[in-house]
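This is what each chain is made of:
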Amino acid sequence: MCMPHPVIQPPPPHERVSTLRTTLSPGEITARLESLARRGKLAGYESPVKGVPGALFAAAAFGQVFDYRLVAHADTSPDEGTMLRFSLVPLMRGPLIFWAAMALTVWPGVWLTDSMLTSYFSWYTIDTWKWYLPLTVLPLPFMWRRMSKTSLAAAVQHSSEQVEKIAQEIGGEPRA
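Presented here is a report on the structure given in the accompanying data block.

Reading the values: rules and limits
- Residues numbered from 1 in each chain as written.
- Predicted model: local features only at pLDDT ≥ 70, side-chain atom pairs only at ≥ 80, totals over all residues.
- Heavy atoms only, no water.
- Axes fitted to C-alpha atoms, helices over the stretch in contact; angles between N-to-C directions.
- Helix = DSSP H or I, 4+ residues; strand = E, 2+ residues; numbered from the N terminus.
- Parallel < 35°, antiparallel > 145°, perpendicular 65-115°, else oblique.
- Left-handed = near helix turned anticlockwise from the far one by under 90°.
- Contact = heavy atoms within 4.5 Å.
- Nonpolar A, V, L, I, M, F, W, Y, C, P; charged D, E, K, R; others polar.
- Buried < 20%, exposed > 50% of the residue type's maximum accessible area, 1.4 Å probe, protein only.
- Pairing = 2+ DSSP bridges.
- Phe/Tyr/Trp six-rings, centres within 6.5 Å; stacked < 30°, edge-to-face > 60°.
- Patch = residues over 30% accessible without salt bridge, like charges linked within 9 Å, V, L, I, M, F, W, Y side chains within 5 Å.
- Areas by Shrake-Rupley, 256 points an atom, 1.4 Å probe, with all protein chains shown as cover.
- Salt bridge = Lys/Arg side-chain N within 4 Å of Asp/Glu carboxyl O.
- Core = buried A, V, L, I, M, F, W, Y, C linked by side-chain atoms within 4.5 Å.

Turning next to the packing of helix α2 (residues 93–120) against helix α4 (residues 140–170). In a pair of packed helices, the angle between the axes and the distance between the axes together describe the arrangement. For the pair α2 and α4, interaxial distance at closest approach is 13 Å and the crossing angle is 160 degrees. Considering the angle they form, α2 stands roughly antiparallel to α4. Crossing angle aside, the handedness with which α2 passes α4 is right-handed. For the pair formed by α2 and α4, the contact residues are Pro95, Phe98, Trp99 and Met102 on the first element and Leu140, Met143, Trp144 and Met147 on the second. Taken together, the residues of the contact of α2 with α4 break down into 8 nonpolar, no polar and no charged.

Now for the pairing of strand β2 (residues 55–61). Among the 7 residues of β2, 7 are classified as buried, and the element is accordingly described as predominantly covered. Of the strand pairs in this sheet, β2 and strand β3 (residues 68–77) are connected by 6 bridges, and their pairing is antiparallel. Along β3, the bridge assignment pairs Ala58 with Val71. Here β2 folds back onto β3, and the loop between the two strands holds 6 residues.

We now examine the packing of aromatic side chains. In total, this model carries 11 aromatic pairs according to the counting rule given. Seen in terms of ring centroids, Phe121 and Trp123 are 5.5 Å apart; in terms of plane orientation they differ by 45 degrees. Their pairing is tilted. The class of Phe121 is partly exposed, set by a relative accessible area of 37%. Overall, the relative accessible area of 62% leaves Trp123 in the exposed class. Ring centres of Trp131 and Tyr132 lie 6.0 Å apart, and the angle between their planes is 75 degrees; on these two criteria the pair is classed as edge-to-face. The rings of Phe66, Phe98, Trp99 and Trp144 are connected pair by pair, giving a single aromatic cluster.

Let us now look at the pairing of β3. Sheet analysis places β3 next to strand β4 (residues 81–90), joined by 10 bridges and oriented antiparallel. Of the residues in β4, the one forming a bridge with Arg69 is Val89.

Below, the discussion takes up a nonpolar patch on the surface. Together, Met116, Tyr120, Phe121 and Trp123 make up a nonpolar patch on the protein surface, roughly 520 Å² of accessible area in all. Relative to the helices and strands, Tyr120 is located in helix α2.

If you look at the biggest cluster of nonpolar residues, it comprises 23 residues, and the most contacted ones within it are Leu33, Phe57 and Phe86. Sorting elements by how many residues they give to this core places α4 first, with 6 residues. If we skip the residues at most four places from it in the chain, Leu33 touches Leu42, Tyr45, Phe57, Ile166, Glu169 and Ile170. Core analysis: the next-biggest nonpolar cluster, separate from the first, contains 6 residues, Val49, Val52, Ala55 and Val89 among them.

We now examine unusual backbone geometry. In this structure, Pro48 follows Ser47 across a cis peptide bond, with omega equal to 0 degrees. Relative to the helices and strands, Pro48 resides in the loop between α1 (26–38) and β2.

Moving on, we come to the environment of Ser25. One can find Ser25 in the loop between β1 (16–22) and α1. C-alpha separation for the pair Ser25 and Gly81, spaced 56 residues apart in sequence, amounts to 7.3 Å.

A separate point is the pattern of salt bridges. One pass over the full model with this rule turns up 6 salt bridges. Of the charged contacts in the structure, one is a salt bridge between Arg21 and Glu173, with a shortest N-O distance of 3.4 Å. One end of the pair, Arg21, is in strand β1; the other, Glu173, is in strand β5 (residues 173–175), with 152 residues separating them in the sequence. On the basis of relative accessible area, Arg21 is assigned to the buried category, the value being 16%. Note that Arg85 is salt-bridged to Asp75, the shortest N-O span being 2.9 Å. Of this pair, Arg85 sits in strand β4 while Asp75 sits in strand β3, and the two are 10 residues apart along the sequence. A relative accessible area of 33% means that Arg85 is categorised as partly exposed.

Have a look at this one:
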């Protein structure tokens, strides 16, 4: 008997992933994380973050197909120290490449398939595009949805690993 696959319900993009509290100042945090990144232990580290106003730093959150960026915003207070709020931001390069590849390969596929079928089978006279386009275009939204969900789930998993590394380096405590 087949066991059903567990359904993973990851949080939507831009939702808060985690929060850390530390006694370090934002400058000390970025200095320690810069050192961690130079040792090759914090992938995609970036400070200051381009395109995200108010962000203290960002790191990579690798997805299964599409990647994300783990962005940290800092709130400082004399009583509690520095609170780091993490969120995931999707990188648009992967989805753009996917849709461009689909747009640029579907119609040439019609020509290629039609020329192959007419050269091998002299009796083949069907308009290839009538069956080829539905077979190639209709699955795309379903593929997109599945790839997006699995990518987000993988990015959430990787971002939690990144947050653990960051917490160890800066002496941070997780907060709810």
